[in-house]
Amino acid sequence: MAGPTWRCADCDTYNDAALRVCHVCETPRAAIRRDAPEPSSAKKAAPRKPAGPKKAVPAKKSAPAKKSATAKRTPLTELPVTGGRRTPSHLRRDVTGTGSPTVPGLAWECPLCAYRVVDAMRCDRCGTRWSVTARSLHEAALAASGPVPVRTPPREATRGEMVAGCGCLLFLAAVVITPIVLLILNWSAVTSFVTGADSSKPSPAPSASGPCPKPMAEMLPAGTGARLVAAYSRDDLEERYAFCRTTAGKVFYFARMKDGEPYGDPTEARKSENGYVVDFVPQGTSYHFRDGEVAAYDEDGKEIWTGELVPEATAD
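Residues numbered from 1 in each chain as written. Predicted model: local features only at pLDDT ≥ 70, side-chain atom pairs only at ≥ 80, totals over all residues. Heavy atoms only, no water.

**Student:** Give me the lowdown on the pattern of salt bridges, citing residues and values where you can.
**Tutor:** Under the definition given, this model contains eight salt bridges. Of the charged contacts, one joins Arg234 and Glu239 as a salt bridge, the two residues approaching to 3.8 Å between their closest N and O atoms. By relative accessible area, Arg234 is classed as buried at 8%. Judged by its relative accessible area of 18%, Glu239 is buried. The partner of Arg270 in a salt bridge is Asp279, and the shortest N-O contact between them spans 3.2 Å. On the accessibility criterion, Arg270 (45% relative accessible area) is partly exposed. (Salt bridge = Lys/Arg side-chain N within 4 Å of Asp/Glu carboxyl O. Buried < 20%, exposed > 50% of the residue type's maximum accessible area, 1.4 Å probe, protein only.)

**Student:** So what about the state of the cysteines? Which residues, and what values?
**Tutor:** Summed over all chains, the structure comprises one disulfide. One disulfide in the model links Cys212 with Cys244; its S-S distance is 2.3 Å. Torsion about the S-S bond of the Cys212 and Cys244 cystine: about 80 degrees, corresponding to right-handed handedness. Here Cys244 lies in strand β7 (residues 240-245) and Cys212 lies in the loop between α3 (187-195) and α4 (214-217), a separation of 32 residues in the sequence. Each member of the pair Cys212 and Cys244 is classed as buried. Cys11 carries a free sulfur, and the closest cysteine sulfur to it, the one in Cys25, is 3.5 Å from it. Classification of Cys11 by relative accessible area gives partly exposed; the value is 25%. Unpaired in this structure, Cys110 has its nearest cysteine sulfur neighbour in Cys126, at a distance of 3.5 Å. For Cys110, a relative accessible area of 2% translates into the label buried. (Disulfide = S-S within 2.5 Å. Helix = DSSP H or I, 4+ residues; strand = E, 2+ residues; numbered from the N terminus.)

**Student:** Any details on a nonpolar patch on the surface? Residues and values, ideally.
**Tutor:** Together, Leu169, Phe171, Leu172, Val175, Val176, Ile177, Ile180, Val181, Ile184 and Leu185 make up a nonpolar patch on the protein surface, roughly 1,000 Å² of accessible area in all. Residue placement: Ile177 occurs in helix α2 (residues 159-185). Ile177 gets classed as partly exposed once you look at its relative accessible area, which sits at 48%. (Patch = residues over 30% accessible without salt bridge, like charges linked within 9 Å, V, L, I, M, F, W, Y side chains within 5 Å. Areas by Shrake-Rupley, 256 points an atom, 1.4 Å probe, with all protein chains shown as cover.)

See the structure below:
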């Protein structure tokens, strides 16, 4: 500290000579302790001369002490800057004034009135001085918020729990997939059940076999030993159709228009890829028996009509 100093009578702090109050506790300078060291003078006092007639000597005025450029402060205990309500600017005073000294970064709670003081050594409400035992605003905020909840780390699953989880997943997969597989494998049965169709009913024989009926064989040239190769009926009509093959390999067509009537004269037919074809030469028409239906064509090959056929086992 440059220049002459004076010692505070309250806190024993050395202050700059230009200050009127202690920059720590604000004690006036008037109460100066006697044990404060006096500034050393450069010159020693001259020895006394023998007593003689005294002359009136005018008193010299002492030159005022020069003020230092910057007044240094004794460093205080550093405290962390914490949150809190900042002291208004009109309440913060400089150390040369009469208010509380400004200490940037100091934030504490007054132990007397619980007022939050920021950047000041004295409470702005009750005037209590700061001490090292005062609680900082950070500690006050932690005390007001209560205990911090402790988060428990997630527990890892044991091997038994993992096996049980996999078993549950496999069981659910089986419950879902098994009905789907069964539905695909039995799709025909399911559709028959839904539509009401009886899928267990045997389908009729696609073609007849055996010897050609005697009345029909007698109408064939060299009909002895002829065989019945096909027989059909119509659901919408009473017509019946039959085909017989002779021992010579020729196929003949028979037709009956109504039940109970005999079959008409035979007409020679020919075998096709999927049935038989009967050509009526005088009329120029033809019948095609194929794939469970009969179709009639004119001489130009234009389709005249079609009918659905029902395979029969005999020609009766």
